[in-house]
Amino acid sequence: MYKILVADCKQEISTFNPVPTHYEDFTVYRGEELFAHHSGIESELTGAFEVFAARADVEVVPLWDAKANSSGSLVQEAFDRLAEEFVEILTANKDGVDAFYFSLHGAMGCTEELDPEGFLLQKSREILGPDVPIVISQDLHGILTERMLDHCDALTIYHTYPHVDFTSTGERAARLLLRILYEHLKP
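As a starting point, this report considers the structure included with it. Since this is a predicted model, take the numbers as computed values, not measurements.

**Brief notes about the overall build of the protein**
1) Next: When helices and strands are tallied, the protein shows six helices and six strands.
2) Next: If you list the helices and strands of the protein from N to C, you get β-β-α-α-β-α-β-α-β-α-β-α.
3) Next: Its C-alpha radius of gyration of 15 Å places the protein within 12% of the 16 Å reference for a compact globule of 187 residues.
4) Next: Across the 187 residues that make up the protein, the buried fraction comes to 52%.
5) Next: In the protein, 77% of the contacts between residues at least 6 apart in sequence involve partners at least 24 apart.

**A word on the sheet that holds strand β6 (residues 154-157)**
1) Next: Sheet architecture is open: six strands sit in the order β2-β3-β1-β4-β5-β6, paired in mixed fashion. Either end of the sheet is taken by a strand with one partner, and the two such strands are β2 (27-30) and β6. Between one strand and the next, the sheet's axes are offset by a mean angle of 15°, whatever the strand orientation.
2) Next: Of the strands in this sheet, β1 (2-10), β3 (58-67), β4 (99-104) and β5 (134-138) are in contact with helix α2 (residues 44-53), which crosses β1 at around 170°.
3) Next: Where helix α3 (residues 76-92) meets the sheet, it contacts β1, β2, β3 and β4, and its direction lies at approximately 170° from that of β3.

**Let's talk about a nonpolar patch on the surface**
1) Next: On the surface, L140, I157 and Y161 cluster together to form a nonpolar patch covering roughly 320 Å² of accessible area.
2) Next: Take Y161: it is sitting in the loop between β6 and α6 (166-183).

**Examining the nonpolar core**
1) Next: Ranked by size, the top nonpolar core spans 35 residues in total, and within it L63, W64, F100, F102 and L128 carry the most contacts.
2) Next: Counting only elements with at least two residues in this core, the list comes to β1, β3, α3, β4, α4 (116-128) and β5.
3) Next: No other element matches the seven residues that α3 contributes to this core.
4) Next: Look past the residues within four positions of F100 in its chain and what remains in contact with it is L5, V6, A7, L63, F86, S124, L128, V132, P133, I134, V135 and L177.
5) Next: With 20 residues, the next largest nonpolar core counts V6, A48, Y101 and V135 among its residues.

**Focus on α3**
1) Next: Between its terminal C-alpha atoms α3 stretches 24 Å, which fits the 24 Å expected from 17 residues at 1.5 Å a residue.
2) Next: Along α3, the positions that sit buried rather than exposed are Q76, A78, F79, L82, A83, E85, F86, I89 and L90.
3) Next: Buried residues along α3 sit against β1, β2, β3, β4 and α4.

**Remarks on the packing of α2 against α6**
1) Next: Contact geometry of α2 with α6 gives a least axis separation of 6 Å together with a crossing angle of 45°. If you check the angle between α2 and α6, you find them oblique. In this structure, α2 meets α6 at a crossing whose hand is right-handed. Residues E44, T46, G47, A48, E50, V51 and F52 of α2 lie in contact with α6, whose contacting residues are F166, T167, T169, G170, E171, A174, R175, L177 and L178.

Basis of the calculations
Residues numbered from 1 in each chain as written. Predicted model: local features only at pLDDT ≥ 70, side-chain atom pairs only at ≥ 80, totals over all residues. Heavy atoms only, no water. Helix = DSSP H or I, 4+ residues; strand = E, 2+ residues; numbered from the N terminus. Rg over C-alpha atoms; globule rule 2.2 N^0.38 Å. Buried < 20%, exposed > 50% of the residue type's maximum accessible area, 1.4 Å probe, protein only. Contact = heavy atoms within 4.5 Å. Pairing = 2+ DSSP bridges. Axes fitted to C-alpha atoms, helices over the stretch in contact; angles between N-to-C directions. Patch = residues over 30% accessible without salt bridge, like charges linked within 9 Å, V, L, I, M, F, W, Y side chains within 5 Å. Areas by Shrake-Rupley, 256 points an atom, 1.4 Å probe, with all protein chains shown as cover. Salt bridge = Lys/Arg side-chain N within 4 Å of Asp/Glu carboxyl O. Core = buried A, V, L, I, M, F, W, Y, C linked by side-chain atoms within 4.5 Å. Expected span 1.5 Å × (residues − 1). Parallel < 35°, antiparallel > 145°, perpendicular 65-115°, else oblique. Left-handed = near helix turned anticlockwise from the far one by under 90°.

Laid out in structure tokens, this is it:
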């Protein structure tokens, strides 16, 4: 039985928007709430959950989902709080983990930490270790940094704009993660 962790974190900044983003601007779901929230909607996690559910030998552990609308830069204090929540829930669920799927936007930016998604991936790698595959997905205009690439094994991106392929992007990410596990791929 493979134990696969799943999380989601999205906020897209517009540096021209003078209104900063705060913690209160995020909607946060934890644990089993992710299944209910993503049931019947178009999202990457919906696609991943469907792919994983088709396998009898996969246990999905939904961790955390934090989303805010596009706005100005995320104030550092808010990001620190989000990162602390994420690290806490990831650490609490790390035992016996075989893989991690992390759905990101790729265009989050803070007032101080300029690569917040890279930061979250770096923390993920520190907690899970070098042998647990991490697959991410992100928007096609996401800013892919060297730090992000250093701390994930593979990624998928949206193929369409307007975005009509959220679910299929999650499906592709989940299938890729399963291939890494079952076929020992080294992307």
